[in-house]
Amino acid sequence: MDHRTGHSPARAKNTYHSTARQAPPRSQPVPPVRPVPPPRSPRTGRARPQAASSYRQYAARRRRGSALRRLMYLMAAVLLAGAVFLVLNGPELLLPGAAEPESQAAAAPADPAGTEPSGFVVAVDPGHGGGDPGTEGPYFNEDEMTWETAELLMDLLEADGRFAPFLTTDGTEYERPSQRAANAVAGGAQLLLSIHGNSGDDPNYAGFECYPVPPGRTYNAESLAFAQMIADRFGQTGERLRGENGVRYIYYDANNEKQIFEVSDTTVHSDPTFTLLEECGCPSVLAEQCFITSPEDVAAFGDEAGRQAAAQIYYEAICEWYETYVEAAGSDALT
């Protein structure tokens with residue numbers, strides 16, 4: 001009896017003790033489970049890993065593939081570099097002697113001494129430069145005129161197949177006259193012209209003058225002839241010639257003071273002349289092209305047209321000197 005309701009509890013139906021027993025359900029066949037393909041990457045189309053172990057295998061494969069690709073790229077680059085090297089250097093590798101001229105040329109110095117000159121060697125010395133302006137004139141500095149004139153003269157000489165000209169300095173830095181003379185000797189110079197500009201406190205100072213190797217020195221006669229050829233041509237233009245005929249000798253005394261003598265004075269002096277003339281080892285002349293402080297001289301031989309005219313005069317004098325002392329006397333006249 002239910003103490004709460006006062007009714008007897010209903011007996012639960014015992015299906016186990018029921019007289020009508022039911023047969024157990026028959027087992028149904030289990031359909032086979034089809035493997036689900038792993039999802040694929042939309043970028044590469046490759047299957048993505050499904051588990052941690054699968055991912056490790058996948059990553060290992062990726063690393064091996066990446067390393068293999070890098071190795072293949074490296075081998076291709078090495079092969080390509082080798083092919084280019086063979087194309088560029090094949091003749092030298094196949095013919096050992098073929099590389100000698102190029103290697104010798106690369107080892108040769110930049111100055112003309114490293115090559116055999118193909119003509120009569122003329123050294124052109126542009127006064128000053130390399131940070132040394134020379135005289136600072138009211139219109140331009142001395143080195144501006146000397147360098148442009150020298151380059152114009154070089155053009156004329158190079159166009160003449162008889163000559164092998166070179167500059168005594170490249171102008172990248174200042175070189176003392178002694179160094180320029182050494183460069184002339186190293187270059188095998190057979191004739192030298194040094195181009196300068198004159199100056200004075202009075203603008204009326206004007207005219208051309210030049211200085212050959214003085215009496216008593218080797219090459220005095222040849223240098224004097226060259227100087228006279230130059231001065232004569234300047235005089236033919238109407239330019240004033242300083243001194244007797246535009247040709248003078250110069251020395252420096254014990255106090256380093258200039259001592260100037262006219263060309264008619266053939267006295268032999270022991271005092272040194274210009275270092276470049278003393279040490280260049282060939283007939284040589286130093287020319288004072290014009291007074292860069294004189295408006296008259298600048299208009300004649302200092303401006304652009306004047307520099308071209310001066311270069312032409314120097315060139316013609318060199319040609320005359322060469323024809324007189326080399327062609328007429330034979331190629332071995334000065335050797």
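Residues numbered from 1 in each chain as written. Predicted model: local features only at pLDDT ≥ 70, side-chain atom pairs only at ≥ 80, totals over all residues. Heavy atoms only, no water.

So, on to the pairing of strand 5 (residues 248–252). The element strand 5 is extensively covered by neighbouring structure, given that five of its five residues are classed as buried. Both faces of strand 5 are covered, namely the face carrying Arg248, Ile250 and Tyr252 and the face carrying Tyr249 and Tyr251. The pairing of strand 5 with strand 6 (residues 258–262) spans five bridges and is classified as antiparallel. Its bridge partner being in strand 6, Arg248 is matched across the sheet by Glu262. The turn joining strand 5 and strand 6, which pair antiparallel and follow one another in sequence, is formed by five residues; a positive phi near 65° is taken by Asn256. (Buried < 20%, exposed > 50% of the residue type's maximum accessible area, 1.4 Å probe, protein only. Helix = DSSP H or I, 4+ residues; strand = E, 2+ residues; numbered from the N terminus. Pairing = 2+ DSSP bridges.)

Of the positions making up helix 4 (residues 177–186), those classed as buried are Arg180, Ala181, Asn183 and Ala184. Looking straight down helix 4, one finds that the buried residues subtend no more than 155° of arc, so they occupy a single side. Tucked into the core, helix 4 has its buried residues touching strand 1 (120–126), strand 2 (163–167), strand 3 (191–198) and helix 6 (275–279). Once helix 4 ends, the next one or two residues include Gly188, with phi positive near 75°. (Arc of directions from axis to C-beta. Contact = heavy atoms within 4.5 Å.)

Let's shift gears to the packing of aromatic side chains. Inspection of the entire model under this criterion finds twelve aromatic pairs. Ring centres of Tyr205 and Phe291 lie 6.5 Å apart, and the angle between their planes is 55°; this geometry places the pair in the tilted category. Placement of the pair is Tyr205 in the loop between strand 3 and strand 4 (209–212) and Phe291 in strand 7 (residues 284–291), with a sequence separation of 86 residues. The exposure class assigned to Tyr205 is partly exposed, which follows from its relative accessible area of 43%. Ring plane angle 80° and centroid distance 5.7 Å describe the contact between Tyr211 and Phe274, whose orientation is recorded as edge-to-face. Here Tyr211 is found in strand 4, whereas its partner Phe274 is found in the loop between strand 6 and helix 6, with 63 residues between them in sequence. You'll find Tyr211 and Phe274 in the same group, each marked buried. Among the aromatic side chains, those forming a connected cluster through ring pairs are Phe120, Phe163, Phe226, Trp321, Tyr322 and Tyr325. (Phe/Tyr/Trp six-rings, centres within 6.5 Å; stacked < 30°, edge-to-face > 60°.)

Turning next to helix 5 (residues 220–236). In this model, helix 5 (17 residues) spans 24 Å end to end at C-alpha, consistent with the 24 Å of a helix rising 1.5 Å per residue. The buried count for helix 5 comes to twelve of 17 residues, which makes it a mostly enclosed element. Buried residues of helix 5: Asn220, Glu222, Ser223, Leu224, Ala225, Phe226, Ala227, Met229, Ile230, Ala231, Arg233 and Phe234, and no others. On its buried face, helix 5 is in contact with strand 3, strand 4, strand 5, strand 7, helix 7 (295–302) and helix 8 (304–327). Of the residues one or two after helix 5, Gly238 is the one with positive phi, at around 95°. (Expected span 1.5 Å × (residues − 1).)

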